[in-house]
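Notes for the structure review
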Amino acid sequence: MELRKYILREDEIPRQWYNILADINMNPPLGPDGNPVSPDQLSPVFPMNLIEQEVSTERWIDIPDEVLNVLNIWRPAPLVRALSLEKALDTPARIYFKNESVSPPGSHKPNTAVPQAYYNKAFGIKRMTTETGAGQWGSALSFACAQYGVECKIYMVRVSFDQKPYRKFMMAAWGGNCIPSPSNETKAGRAALEKDPDTPGSLGMAISEAIEEAVADETGQTRYSLGSVLNHVLLHQSIIGLEAKKQMELAGDYPDVIIGCAGGGSNFAGLAFPFVYDKIHGKDIAIYPVEPAGCPTLTKAPFVYDHGDTARYTPLLAMHSLGHAFVPPAFHSGGLRYHGMAPTVSQLVDEGLLEPKAVKQSQVFEAGILLARTEGIIPAPETTHALATVIDEAKKAKEEGKEKVILFNWSGHGLLDLTAYDSYLSGQIKDIVLSMDEVAECEKIYADFPKPQHLKHK
Amino acid sequence: MNSDKDFDNLERRCPRLGSKITFRYCLISGEDDNPCWKIFDCWWEQFDVASYLKAHLPAEVFEKLVETAAVQPKNKLTSIVEIAEQAKQQKKK
């Protein structure tokens, strides 16, 4: 029998998170007045212990025992050798993945939901609020709050609330109070319902309601929670890569290539940042964040200071950007799926420590189907972006006759998102690619803006 | 705004919600019941959504939509601070 899984004992779980902010210099987000956003501005929204993590530059941050005692419900997560995929591709590459689909809600999201619930509880917070689209984050936070006896209120966009019952059933099972947004429970929600009682809601409205509930609680016992993008979220996710490093040692291998999907940044960063630390310290390793070919913010757009709006009220942020005033050509507007990326990921791309890859939509679902039929797990739609690049790299290894070691993050299962597969299998998904000429046109926008420093790691 | 019923009922997976939605939803799910800022991204593959919107939306709404489509999303931390400030102002009223 071939060894497929590499499993750490519970007492081998990492005891500290890795904070990449200790090793890179960041261009700070600038407020409308030109100053960085301050912790005081965030204190009505997040507890101060999480704000401290958000701005910390300590390299290693202890994981409290109370957090480890919940993470160990499913962690350490297995490192799996993708033996069946290797055979299907007839590749000399050795392919490994971190299986984050084994968590109770089925994704990497509880890696941050659990510490966020813990730190809120430790700060004296009784209730957490958040928003959710399809319910993946809402279910992760409900699960986490249940472990610490914190109330959880989730504003779920009504159109999803009506359409996707299973996630809200999960939230309810964990004690989460999931209500459709807009609701009668906030001023923002009531105003929207007064205007149109049958409104299907929107993500923007759900966020507004969740934040309003936190800010409006005069007892100070409610805070808001976010599951992606922010520094403390990426910090908590670093446990993925830290475990993987120990497990690769067990396997007697070290990755030549690290691959993760880069949509919101958190699952990619979770696996990759601990290996970025190795790369900074001399390891020869290629690290690929993968994004859809139709949203080339990282692969093609330049690194600049850019405004968040045309009125220029919002901060100038250093990011990979297609420009605040870019007007898309009618038939190529599909190139603008994302305007900005998590600032730390952008920074690392700018330094050349990460090499972004873009994949076509049809390619990613083809990869998802192949992985489902070989490794057995139906991947979440987001995960399939990483899978497509894994297959490309494995094929390249075969052409070059190299025994390359590939490591990727299987960020979640797709069992509650099967309609995306139905769209692919019924031929509804097409490819999009923005040309370099069109991106060059965008660059003219930044001519008058200050240029961010091309900082190097410490 | 008036829209052709054929387009209204087109369906796709919303990348923000993770749910199946109709084009009609995209027309009203942005700020102030205007179209979602991702409407160009999501629909250009199926039909010439830019020309369609230009023909059906008031000029200033279309112009604002195109501008917004090119800049979203804002830095998350900044957006959160802005929403919190708005909520605090509302509370005072």
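Numbering of residues starts from 1 in each chain and follows the order in which that chain's sequence is written. Naming scheme: in the order in which they are written, chains are lettered from A and ligands are numbered from 1. Thresholds applied to this predicted model are a pLDDT of at least 70 for local features of residues and 80 or more for the giving and counting of side-chain atom pairs; totals over whole chains, interfaces and linings are not thresholded and use all residues. Here the side-chain values reflect all heavy atoms present in the structure, with hydrogen atoms and water set aside.

With that out of the way, let us pick up the side chain of A:S266. Residue and element names in this part refer to chain A. Here a strand is any run of E in DSSP of at least two residues, a helix any run of H or I of at least four, and the numbering for each starts at the N terminus. For S266, the position within the fold is in helix α13 (residues 266–280). Each residue is assigned to one of three classes by its accessible area relative to the maximum for its type, calculated with a 1.4 Å probe on protein chains only: buried under 20%, partly exposed between the two thresholds, exposed over 50%. For S266, a relative accessible area of 3% corresponds to the buried category. Any pair of nitrogen or oxygen atoms within 3.5 Å is treated as a polar contact; in protein, a donor-acceptor pairing is required on top of that, and neighbouring residues in sequence qualify only through side-chain atoms on both sides. Polar contacts involving the side chain of S266 include one to the side chain of H108, which spans 3.2 Å. Apart from the residues within four sequence positions on either side, S266 is in contact with H108, G227, V233, L234 and Q237. Contacts are assigned to residue pairs with any non-hydrogen atoms lying within 4.5 Å of each other.

All names here are of chain A. Any carboxyl oxygen of Asp or Glu within 4 Å of a side-chain nitrogen of Lys or Arg constitutes a salt bridge here. Scanning the model with the defined rule gives 25 salt bridges over all chains in all. Taking the shortest distance from any N to any O, the salt bridge between E86 and R81 comes out at 2.6 Å. Among the salt bridges present, the one from K404 reaches E393, with a minimum N-O distance of 3.4 Å. Of this pair, K404 sits in the loop between α16 (383–400) and β15 (405–410) while E393 sits in helix α16; the two residues are 11 residues apart in sequence, bridging distant segments of the chain. No difference in accessibility class separates K404 from E393, as the two residues are buried. Sharing partners across several salt bridges, the network here consists of R127, E151, K153, E185 and E213.

Residues and elements named next belong to chain A. By convention, a stacked pair of Phe, Tyr or Trp rings (six-membered ring in the case of Trp) has centres within 6.5 Å and planes under 30 degrees apart, an edge-to-face pair has planes over 60 apart, and any other such pair is tilted. Counting across every chain of the model gives 17 aromatic pairs over all chains. With a centroid separation of 6.2 Å and 85 degrees between ring planes, the pair formed by Y166 and F169 is classed as edge-to-face. With Y166 and F169 both in helix α8 (residues 165–173) and three residues apart, the pair spans about one turn of that helix. Looking at Y166, the relative accessible area reads 57%, which means it is exposed. Feature note: the residues W17, Y118, Y119 and Y148 constitute an aromatic cluster, connected by ring pairs. Just above the ring of F275 sits the side chain of K245; from NZ or CZ to the centre is 5.7 Å. A cation sits over an aromatic face here: K357 above Y288, 4.4 Å from the ring centre. By definition, being over a ring means that NZ of Lys or CZ of Arg is both within 6 Å of the ring centre and within 35 degrees of the ring normal.

Before going further, it helps to examine helix α10 (residues 203–216) of chain A. Each helix should span, by expectation, one fewer than its residue count multiplied by 1.5 Å. For α10(A), with 14 residues, the first-to-last C-alpha span of 20 Å sits near the 20 Å given by 1.5 Å per residue. Of all 14 residues in α10(A), 12 are buried, a share of seventy percent or more. Those residues of α10(A) that fall on the buried side of the exposure criterion are A:L203, A:M205, A:A206, A:I207, A:S208, A:E209, A:A210, A:I211, A:E212, A:E213, A:A214 and A:V215. Elements in contact with the buried residues of α10(A): β6 (127–132), β7 (151–157), β8 (177–181), α9 (187–195) and β9 (222–224) of chain A together with α6 (76–92) of chain B.

For the rest of this paragraph, the subject is the confidence of the model for chain B. pLDDT measures the predictor's confidence residue by residue and takes values from 0 up to 100. Across chain B, the average pLDDT comes to 77, with 82% of residues at or above 70. When pLDDT is averaged over each element of chain B, helix α2 (residues 23–28) of chain B comes out on top at 91 and helix α1 (residues 5–8) of chain B at the bottom at 70.

This brings us to the nonpolar core. Soluble globular proteins tend to bury their nonpolar side chains together. In these notes, a set of buried Ala, Val, Leu, Ile, Met, Phe, Trp, Tyr and Cys residues joined through side-chain atoms within 4.5 Å is what counts as a nonpolar core. Grouped together as the largest cluster of nonpolar side chains are 77 residues, with contacts concentrated most on A:Y224, B:I39 and B:L53. Counting residues per element, this core draws most heavily on α13(A), which supplies eight residues. In this structure, A:Y224 is in contact with A:V45, A:F46, A:T129, A:T130, A:E131, A:I207, A:A210, A:I211, A:A214 and B:I80, ignoring residues within four places of it in sequence.

Before going further, it helps to spend a moment on the environment of B:S79. Residue and element names in this part refer to chain B. Note on placement: S79 falls in helix α6. Relative accessible area serves as the criterion here: at 17%, S79 is assigned to the buried category. Once the C-alpha coordinates of S79 and I21 are considered, the two residues, 58 residues apart in sequence, prove to be 25 Å apart.

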